[in-house]
Amino acid sequence: MRTLVWYRGKDLRIADHAPLRDAAAGGEVIALFVLDPYFFAPERARELPHRMQVLLDSLRALEANLAQRGSRLWVIAGKSTEVVPRLAARWKVDRVVAHRWVEPFGRERDRRVREALRVRFELYEGETLVPPGTLRTGAGKPYSVFTAFARAFAATASELGKPLAAPKVLPPPPEGISAKTVAIPTCESLGIAPNGNLVQGGERAARARLKHFLEGPAREYDVGRDQLDRAGTSRLSADIKFGTLSIRTVWTEVQRALGRSKAAKSFLNELVWREFAYSTLWDRPELLTKPFRPEFEGFPWGCDEALWSAWVSGTTGYPVVDASARQLLGEGFVHNRARMISASFLTKDLLIDYRRGEAHYMKYLADGDWANNNAGWQWCAGCGCDAQPYFRVFNPVSQGEKFDPNGDYVRRWVPELARMPAKFIHRPWEAPDAVLRAAGVRLDRDYPRPVVQHAGARNRFLALAQEHLAATKRATRDDRG
DNA sequence: TGGTGTTTAGG
DNA sequence: CTAAACACC
């Protein structure tokens with residue numbers, strides 16, 4: 001039996017990779033990655049610099065890992081809907097295997113490839129802990145409340161099974177097959193300046209991060225995860241995104257290391273949120289462009305370009321918001337608490353459509369994941385599935401003081417405020433002149449005053465939202481009646 | 001996994 | 001006077 005193992009960018013590993021394991025157990029293995037020239041063109045790559053860098057790292061690591069075990073990664077340029085069927089026929093494979101890609105783009109691609117293939121196409125579960133679409137309410141409908149979903153999930157989570165070990169050896173590439181391959185691009189060849197602040201891609205680096213997390217931050221995750229000024233989170237998001245760690249590996253390793261502790265529960269709960277996001281998007285692919293809650297359609301978002309560019313560049317005058325924006329650009333990563341603060345500020349204080357923020361995050365996040373990112377933004381904007389209520393508006397000052405009490409997070413990303421004392425670092429505009437002078441900060445010149453006044457912006461949002469939501473509710477009621 | 005203005009218990 | 005409790009957005 002000859003199997004084509006089709007790698008597609010969200011399962012870039014050899015450990016706990018059931019398609020690869022089964023292919024090797026069944027005979028000949030051809031591992032393939034299709035490099036679409038459209039996505040890997042310099043002008044496209046520059047639009048996604050961080051994710052591209054981590055992806056290329058991970059691809060090269062995969063190539064090396066396969067080679068080291070006697071196999072080979074075939075990297076072929078073209079459209080996968082054309083390349084996979086063509087090579088499957090030319091190489092006379094008996095079947096094509098891959099991990100199911102749950103998000104809409106991958107689903108559509110798989111549908112088209114399946115249509116064009118003349119051989120079996122087997123999709124394996126594994127992108128999520130529980131296959132999307134399997135958890136249903138008593139009425140047989142998708143869950144719309146997280147806690148209910150989580151309860152149903154807990155009832156099945158014991159059946160996850162152990163992650164598969166990485167194969168020590170793999171069958172050599174079959175003889176007599178050939179194709180025009182291409183080299184895996186580098187940042188340089190795509191015209192991206194490599195960024196040393198990004199996480200290192202590839203399975204080995206991912207394992208090291210997992211180990212580090214388990215030995216340190218994971219043990220007090222429940223108390224450390226919200227703190228902006230310390231490394232209390234896992235930093236595994238890009239590894240999970242690219243599949244350099246299988247989600248099952250993360251789940252079982254955390255459980256193994258921490259058992260049923262509060263810390264473990266708190267972290268695993270975050271993974272359940274990810275399950276919820278994937279599951280919800282599976283049932284409602286249109287969520288990538290539309291709010292989950294219909295009453296938010298047509299919401300009167302504003303379009304102040306000056307406010308938008310202040311938010312993007314990290315010059316809103318609210319230090320914790322600005323630190324968050326700059327962390328995104330600098331590191332391709334943002335602390336989860338900072339993501340929430342930023343999203344709340346963009347949508348509620350600046351009244352800008354959450355979809356603009358979502359797209360900006362997808363552009364610069366190394367861990368950018370359609371399901372998670374969309375769910376997170378919709379949650380913050382108040383329009384998502386089991387989202388926070390619209391009237392919950394974060395106060396950027398009190399959030400800063402609560403979760404970055406010494407201001408170290410701000411100091412790291414907003415260096416012009418580095419010498420501000422903790423007492424005023426989250427509200428420099430209130431600092432006495434002497435304090436500002438001592439810190440070397442001239443308002444408006446070194447650091448801006450707030451682009452909006454939070455109290456006023458909050459009231460404006462609440463009034464607008466209240467009016468819009470009431471109006472749409474009236475409209476749907478009239479519609480029905 | 002909030003914030004704010006107001007009321008109330010307690011010093 | 002402060003802080004907890006509460007109602008409302």
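This text goes with the structure placed above it.
Quick caveat: nothing in here was measured; it's all calculated off a predicted structure.

Procedures and definitions
- Residues numbered from 1 in each chain as written.
- Chains lettered and ligands numbered in written order.
- Predicted model: local features only at pLDDT ≥ 70, side-chain atom pairs only at ≥ 80, totals over all residues.
- Heavy atoms only, no water.
- Core = buried A, V, L, I, M, F, W, Y, C linked by side-chain atoms within 4.5 Å.
- Buried < 20%, exposed > 50% of the residue type's maximum accessible area, 1.4 Å probe, protein only.
- Contact = heavy atoms within 4.5 Å.
- Near = heavy atom within 4 Å.
- Polar contact = N/O pair within 3.5 Å; in protein donor to acceptor, adjacent residues only side chain to side chain.
- Nonpolar A, V, L, I, M, F, W, Y, C, P; charged D, E, K, R; others polar.
- Phe/Tyr/Trp six-rings, centres within 6.5 Å; stacked < 30°, edge-to-face > 60°.
- Helix = DSSP H or I, 4+ residues; strand = E, 2+ residues; numbered from the N terminus.
- Lys NZ or Arg CZ within 6 Å of the ring centre and 35° of its normal.
- Salt bridge = Lys/Arg side-chain N within 4 Å of Asp/Glu carboxyl O.
- Pairing = 2+ DSSP bridges.
- Right-handed = clockwise from strand over helix to strand, strands pointing away.

S.K.: Describe the nonpolar core, listing the residues and the values that go with them.
M.R.: Ranked by size, the top nonpolar core spans 56 residues in total, and within it Trp 311, Leu 350, Tyr 409, Leu 417, Met 420, Val 441 and Phe 461 carry the most contacts. With near-sequence residues (within four places) excluded, Tyr 409 lies in contact with Leu 228, Asp 229, Val 320, Ala 323, Ser 324, Gln 327, Val 334, Ala 338 and Asp 404. Judged by nonpolar contacts, the second largest core, of 41 residues, contains Leu 129, Val 130, Val 254 and Tyr 278.

S.K.: Please set out the protein's contact with DNA strand C residue by residue, giving values where relevant.
M.R.: Neighbouring DNA strand C are Phe 391, Arg 458, Leu 462 and Gln 466. The sugar-phosphate backbone supplies 22% of the atoms of DNA strand C found within 4 Å of the protein. Side-chain polar atom of Gln 466 to a sugar or linking oxygen of DNA strand C: 3.4 Å apart, as the coordinates give it. Classifying every residue of the surface near DNA strand C by side-chain character gives two nonpolar, one polar and one charged.

S.K.: Residue-level account of the protein's contact with DNA strand B, with values.
M.R.: The environment of DNA strand B is made up of 13 residues, and the closest members are Trp 273, Arg 337, Met 340, Arg 392 and Val 393. The sugar-phosphate share of atoms of DNA strand B within 4 Å of the protein amounts to 60%. With respect to DNA strand B, the side chain of Asn 395 contributes an N or O atom lying 3.1 Å from a phosphate oxygen. Its residues assigned to classes, the surface near DNA strand B comprises five nonpolar, four polar and four charged.

S.K.: For the packing of aromatic side chains, give the residues involved together with the corresponding values.
M.R.: Summed over all chains, the structure comprises 25 aromatic pairs. Between Phe 33 and Phe 40, the aromatic rings sit 6.4 Å apart at their centres with planes inclined by 90°, giving edge-to-face as the arrangement. As far as the burial class goes, Phe 33 and Phe 40 line up, both buried. Centre to centre, the rings of Tyr 318 and Trp 429 are 5.3 Å apart; their planes meet at 75°, and the pair counts as edge-to-face. With Tyr 318 in the loop between helix H13 (305-313) and helix H14 (319-331) and Trp 429 in the loop between helix H20 (422-425) and helix H21 (433-439), this residue pair connects regions lying 111 residues apart in the sequence. The class of Trp 429 is partly exposed, set by a relative accessible area of 26%. Ring pairing ties together the aromatic residues Tyr 143, Phe 146, Phe 149, Trp 273 and Phe 276, which thus form one cluster. When the ring centre of Trp 101 is taken as reference, the NZ or CZ atom of Arg 109 above it lies at 4.8 Å. Geometry around Phe 403 places Arg 337 over its ring, the cationic atom sitting 4.0 Å from the centre.

S.K.: Account for the pattern of salt bridges, naming residues and giving values.
M.R.: For the coordinates displayed, the defined rule picks out 36 salt bridges. For the salt bridge of Arg 8 with Asp 110, the shortest nitrogen-to-oxygen distance reads 2.7 Å. Of this pair, Arg 8 sits in the loop between strand S1 (2-7) and helix H1 (18-26) while Asp 110 sits in helix H5 (residues 104-116), and the two are 102 residues apart along the sequence. For Asp 110, a relative accessible area of 4% corresponds to the buried category. For Arg 209, the salt bridge is made with Asp 239, and the minimal N-O distance between the two is 2.7 Å.

S.K.: Break down unusual backbone geometry for me, with residues and values.
M.R.: The phi dihedral of Asp 16 is positive, around 45°, even though this residue is not glycine. Structurally, Asp 16 is set in the loop between S1 and H1. Overall, Asp 16 belongs to the buried group, its relative accessible area being 5%. Despite not being glycine, Asp 386 shows a phi value in the positive range, around 55°.

S.K.: Tell me what's going on with the pairing of strand S5 (residues 120-124), and back it up with residues and numbers.
M.R.: Pairing geometry for strand S4 (residues 95-99) and S5, over five bridges, is parallel. Its bridge partner being in S5, Arg 95 is matched across the sheet by Arg 120. In the classification by handedness, the crossover that spans S4, the intervening H5 and the parallel S5 is right-handed.

S.K.: Would you mind going over the environment of Thr 233 in detail, with residue names and values included?
M.R.: Positionally, Thr 233 belongs in the loop between helix H9 (221-224) and helix H10 (237-242). Residue classification places Thr 233 among the buried residues on the basis of a relative accessible area of 14%. As for Thr 233 and His 99, which are separated by 134 residues in sequence, their C-alpha atoms are 27 Å apart. Discounting residues that sit within four places of it in the chain, Thr 233 has contacts with Phe 213, Pro 217, Tyr 221, Arg 225, Phe 333 and His 335.

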